[in-house]
2 protein chains.
Amino acid sequence: MELQKVEALLRVSSALLLISTACLVSLDTQTKVVFVKRRITYKQLDAFVHLVYVASAAAAYNLLQLGRCVFSSSLKEKSNKSYRYLAWVFYLLDQMVVYITFITNSAATEQAIIALNGAKVFQWMKWCSKFSRFCFQAGGAVVSAYLASALMALLTFISAFHLFRLYSPKSFLRLKNTQVN
Amino acid sequence: MELQKVEALLRVSSALLLISTACLVSLDTQTKVVFVKRRITYKQLDAFVHLVYVASAAAAYNLLQLGRCVFSSSLKEKSNKSYRYLAWVFYLLDQMVVYITFITNSAATEQAIIALNGAKVFQWMKWCSKFSRFCFQAGGAVVSAYLASALMALLTFISAFHLFRLYSPKSFLRLKNTQVN
């Protein structure tokens, strides 16, 4: 019961952080005259477009799981077999979501770093000195997405715990005799 | 016993893939005349420098764990308590290594994608059309690193299994009475 509260709290916080990431990125735009008048939006940066999609999807997933957390506290009273299948599904989904979030987030970070530092050998210019407000907002989005990813990494601990404690500590993938413990 | 063989196999394969990533990246260099004579190496791309360090460290970690796998098959016969601490340490280490590998690898991929496609709005030029051999080798390194990350993600399943099956399925973080099951 205690664990369920922790899980609900983690799901709420990571969903909020992911939503704020999606909002920060999708509202990020700046117009400035650099040689010609330029309007920069997140849509011109592939990695940030993907970040918006992934953050929204991950937030939706966490909210769905939150609903499951809050309303179906009677999950454990279901038959042992269907509980086990569900535990596997939730574990695999949690893992997938956290890896995908980390991957897109880190790609966006790398793109932001190139915009910040440039790359001399490739003649890639620094842009953050010119579009600083745009860059600060993108940086905030990335930090919030990393926090959300860290919380979701903790959530995989919980789903792994729910799943693997069903198995026997002595023999491989043998289910425990749950009547005893 | 069966599981230990699977783990050893996964550790060997991911270590080999990580070593091949590190080699592919660190031997990647191309000299070509584009306006002036240019020599491109991985050292000019931050994300690839980090990829070499992380891939080498992760390969070393997997080889160490492989040694543990092969030589200390008697781990389970140790006292229950120290086994549990070790299981926690291995689980957390495995998680850390897999996340860090995913993050650096995805940053390197993003840098490679920018080199491949450029970014018009920022006047970042495409370079892969000019340095194609360099880019193919970098692409191979990234693919091999992703395969290694996927194998290490499977390894976290095993370490989670080793850890959480020690706990009771009914009450939170209560250890099981291992004499019974």
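Definitions and cut-offs
- Residues numbered from 1 in each chain as written.
- Chains lettered and ligands numbered in written order.
- Predicted model: local features only at pLDDT ≥ 70, side-chain atom pairs only at ≥ 80, totals over all residues.
- Heavy atoms only, no water.
- Helix = DSSP H or I, 4+ residues; strand = E, 2+ residues; numbered from the N terminus.
- Contact = heavy atoms within 4.5 Å.
- Phe/Tyr/Trp six-rings, centres within 6.5 Å; stacked < 30°, edge-to-face > 60°.
- Buried < 20%, exposed > 50% of the residue type's maximum accessible area, 1.4 Å probe, protein only.
- Axes fitted to C-alpha atoms, helices over the stretch in contact; angles between N-to-C directions.
- Left-handed = near helix turned anticlockwise from the far one by under 90°.
- Nonpolar A, V, L, I, M, F, W, Y, C, P; charged D, E, K, R; others polar.
- Salt bridge = Lys/Arg side-chain N within 4 Å of Asp/Glu carboxyl O.

For chain A, the name recorded in an unreviewed UniProt entry is CASP-like protein, with Melia azedarach as its organism.

### Let's talk about the environment of B:Ala87
Residues and elements named next belong to chain B. Along the chain, Ala87 falls in helix 3 (residues 80-117). Separated by 79 residues in sequence, Ala87 and Leu166 place their C-alpha atoms 9.5 Å apart. Once residues lying within four places of it in the same chain are set aside, the contact partners of Ala87 are His162 and Leu163.

### Focus on the packing of aromatic side chains
Tallied over the full model, the rule gives 19 aromatic pairs over all chains. For the ring pair A:Phe157 and B:Tyr91, a centre distance of 4.9 Å and an interplane angle of 55° mean the geometry is tilted. Taken as a pair, A:Phe157 in helix 4 (residues 132-164) and B:Tyr91 in helix 3 lie in two separate chains rather than in one. As far as the burial class goes, A:Phe157 and B:Tyr91 line up, both buried.

### Focus on the packing of helix 2 (residues 46-71) of chain B against helix 4 (residues 132-164) of chain B
Residues and elements named next belong to chain B. One way to put it is that helix 2 packs onto helix 4 with a least axis distance of 12 Å and a crossing angle of 40°. Of the two possible hands of crossing, helix 2 and helix 4 adopt the one that is left-handed. Residues Phe48, Leu51 and Asn62 of helix 2 pack against Ala138, Val142, Ala145, Met152 and Leu155 of helix 4. Tallied by class, the residues present in the contact of helix 2 with helix 4 amount to seven nonpolar, one polar and no charged.

### Things to note about the side chain of B:Thr101
Residue and element names in this part refer to chain B. On the secondary structure map, Thr101 appears in helix 3. Under the relative-accessibility criterion, Thr101 is labelled buried at 2%. Contacts of Thr101, omitting those with residues within four sequence positions, involve Leu18, Val54, Ala58, Ser149 and Met152.

### Observations concerning the pattern of salt bridges
Residues and elements named next belong to chain A. One pass over the structure, following the stated rule, counts six salt bridges over all chains. The partner of Glu7 in a salt bridge is Arg11, and the shortest N-O contact between them spans 3.2 Å. Here Glu7 pairs with Arg11, and both are found in helix 1 (residues 2-26), just four residues apart, close to one helical turn. No difference in accessibility class separates Glu7 from Arg11, as the two residues are buried. In this structure, Arg68 engages Glu7 in a salt bridge whose closest nitrogen and oxygen atoms are separated by 3.0 Å. With Arg68 in helix 2 (residues 46-71) and Glu7 in helix 1, this pair connects stretches of sequence that are 61 residues apart. Residue classification places Glu7 among the buried residues on the basis of a relative accessible area of 4%. Salt bridges sharing partners connect three or more residues here, namely Glu7, Arg11, Arg68 and Asp94.

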